[in-house]
Amino acid sequence: MDRHIRWAALRPDGRQPFCRRAATRTLGRVTTASDSPSHTPGAIPRGQGGDALTVAAREMFAERGYHGTSIRDIAKRAGLSLSALYYWHSSKQELFAGLIEDSVNDYFRTCDAALHDCGDDPRERLAAIVRATVDYRVRRRVESTIAAREVRNLEPEHAQRLAELRDAAARLFQDTIDEGVARGVFRCEHPEDARRAIQAACNAISQWYDPEGDVAPADLADRYVTIALRIVGVSG
């Protein structure tokens, strides 16, 4: 199994992901703002262009949902005119799809970084993937909630792209678990069920995690690594 995630492989048809093909308009303008931790709602300084739109769209979709948010709402929250918004994005759907897919692509970048220095030990690799997933769900709580709640509003082409990325995420877990079982490192009778249980547990973090609570992200990651290894039959 390749030790690193290959971006070209994220699309089975061999094409680049949506945000990589979007040149100056879609996700290429979205990425900078959404690379930062989840934004706290508040006044957005004028003059930040695409970054301000990304932050505004994230807040509005989280507060009102896709259908409850108009393109005018987003422009107003960003402190921009409609004409300025349309310079960056051709439609609300494009902005929405870009916001979600940029977030998902950030997940793959996080996993790639976590796996970069890993060896071939499936235990080490699974732990790295789990830590990356916990980190992503903590940092991207808002986007994770939007994606879970509003994904049904993606148009077919965008929904297909997101489905491909989600399949790639599942394969990342499944390939690691399958390799561990094949090598006798993991002892679980139902590898696919194990993968689903681990992913579901990690993905649910965005629904309940409180950054002001008493569990630090690193400690949370340690706990989930222990849970994941137990699920696949590793003890101690």
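K.L.:
Which parts of the structure should I look at to understand the overall build of the chain?
P.N.:
Looking only at helices and strands, the chain features twelve helices and zero strands. In sequence order, the secondary structure elements of the chain are arranged as α-α-α-α-α-α-α-α-α-α-α-α. Burial analysis of the chain (236 residues in total) assigns 50% to the buried set. By sequence separation, contacts in the chain at least 24 residues apart represent 68% of the contacts at least 6 residues apart.

K.L.:
Is there a simple way to think about the pattern of salt bridges in this case?
P.N.:
Close approach of charged atoms allows side chains with opposite charge to pair. Taken as a whole and judged by the stated rule, the model has 18 salt bridges. Two residues, Glu59 and Arg77, come together in a salt bridge whose shortest N-O distance is 2.7 Å. Of this pair, Glu59 sits in helix 3 (residues 50-64) while Arg77 sits in helix 4 (residues 71-78); the two residues are 18 residues apart in sequence, bridging distant segments of the chain. Take Arg77: its relative accessible area is 25%, and that puts it in the partly exposed class. Notably, a salt bridge pairs Asp106 with Arg139, separated by 3.1 Å at the nearest N-O pair. Pair noted here: Asp106 is in helix 6 (residues 92-115) and Arg139 is in helix 7 (residues 122-139), with a separation of 33 residues, a long-range link. Residue Asp106 is classed as buried on the basis of its relative accessible area of 7%. If you follow the salt bridges from partner to partner, you end up with Arg58, Asp102, Asp106, Arg109, Asp135, Arg139, Arg140 and Glu143 in one network.

K.L.:
Help me out: how do you make sense of the packing of aromatic side chains in this one?
P.N.:
Given two aromatic rings, their pairing is described by the distance between the two centres and the angle made by the two planes. Across all of its chains, the model carries seven aromatic pairs by this definition. Here Phe61 and Phe96 contribute two aromatic rings whose centre-to-centre distance is 5.2 Å and whose plane-to-plane angle is 70 degrees, an arrangement assigned as edge-to-face. Of this pair, Phe61 sits in helix 3 while Phe96 sits in helix 6, placing them 35 residues apart in sequence. Here Phe96 falls in the buried class, since its relative accessible area comes to 0%. Between the aromatic rings of Tyr66 and Phe96, the centroid separation amounts to 4.7 Å while the plane-to-plane angle is 45 degrees, which identifies the pairing as tilted. You can see Tyr66 sitting in the loop between helix 3 and helix 4 and its partner Phe96 sitting in helix 6, a full 30 residues away along the chain. Residue classification places Tyr66 among the buried residues on the basis of a relative accessible area of 8%. The structure contains a cluster of three or more aromatic residues connected by ring pairs, namely Phe61, Tyr66 and Phe96.

K.L.:
I'm lost on helix 9 (residues 156-182) in this one. Help?
P.N.:
When the terminal C-alpha atoms of helix 9 are compared, their 37 Å separation across 27 residues agrees well with the 39 Å that a helix rising 1.5 Å per residue should span. Looking one or two residues beyond helix 9, the residue adopting positive phi is Gly184, at roughly 75 degrees.

K.L.:
Help me understand the nonpolar core in this model?
P.N.:
Considering soluble globular proteins, one finds that nonpolar side chains tend to be buried as a cluster. Ranked by size, the top nonpolar core spans 61 residues in total, and within it Ile74, Leu126, Val130, Val134, Ile198 and Val232 carry the most contacts. Among the elements that line this core, the one with the most residues is helix 6, at ten residues.

K.L.:
Teacher, can you tell me more about the environment of Ala228 here?
P.N.:
In this fold, Ala228 is placed in helix 12 (residues 217-231). Taking relative accessible area as the criterion, Ala228 reaches 3% and is therefore assigned buried. Each C-alpha atom, one on Ala228 and one on Ala197, is 8.4 Å from the other, the two residues being 31 residues apart in sequence. Look past the residues within four positions of Ala228 in its chain and what remains in contact with it is Leu126, Val130 and Ile198.

K.L.:
Got a minute to help me understand the packing of helix 3 against helix 6 in this structure?
P.N.:
Angle between the axes and distance between the axes: these two values describe a pair of packed helices. As a packed pair, helix 3 and helix 6 sit with axes 10 Å apart at the nearest point and diverge in direction by 90 degrees. Considered as vectors, helix 3 and helix 6 are oriented roughly perpendicular to each other. Of the residues in helix 6, those touching helix 3 at Thr54, Ala57, Arg58 and Phe61 are Lys92, Leu95, Phe96 and Leu99. For the contact of helix 3 with helix 6, the class distribution of residues is five nonpolar, one polar and two charged.

K.L.:
Help me understand the packing of helix 6 against helix 7 in this model?
P.N.:
The geometry of helix 6 relative to helix 7 is characterised by a closest axis approach of 9 Å and an angle of 145 degrees between their N-to-C directions. In this structure, helix 6 meets helix 7 at a crossing whose hand is right-handed. Together, Ser103, Val104, Asp106, Tyr107, Thr110, Cys111, Ala114 and Leu115 of helix 6 and Arg125, Ala128, Ile129, Ala132, Thr133, Asp135, Tyr136 and Arg139 of helix 7 make up the contact between the two elements. Taken together, the residues of the contact of helix 6 with helix 7 break down into nine nonpolar, three polar and four charged.

Parameters at a glance
Residues numbered from 1 in each chain as written. Predicted model: local features only at pLDDT ≥ 70, side-chain atom pairs only at ≥ 80, totals over all residues. Heavy atoms only, no water. Helix = DSSP H or I, 4+ residues; strand = E, 2+ residues; numbered from the N terminus. Buried < 20%, exposed > 50% of the residue type's maximum accessible area, 1.4 Å probe, protein only. Contact = heavy atoms within 4.5 Å. Salt bridge = Lys/Arg side-chain N within 4 Å of Asp/Glu carboxyl O. Phe/Tyr/Trp six-rings, centres within 6.5 Å; stacked < 30°, edge-to-face > 60°. Expected span 1.5 Å × (residues − 1). Core = buried A, V, L, I, M, F, W, Y, C linked by side-chain atoms within 4.5 Å. Axes fitted to C-alpha atoms, helices over the stretch in contact; angles between N-to-C directions. Parallel < 35°, antiparallel > 145°, perpendicular 65-115°, else oblique. Nonpolar A, V, L, I, M, F, W, Y, C, P; charged D, E, K, R; others polar. Left-handed = near helix turned anticlockwise from the far one by under 90°.

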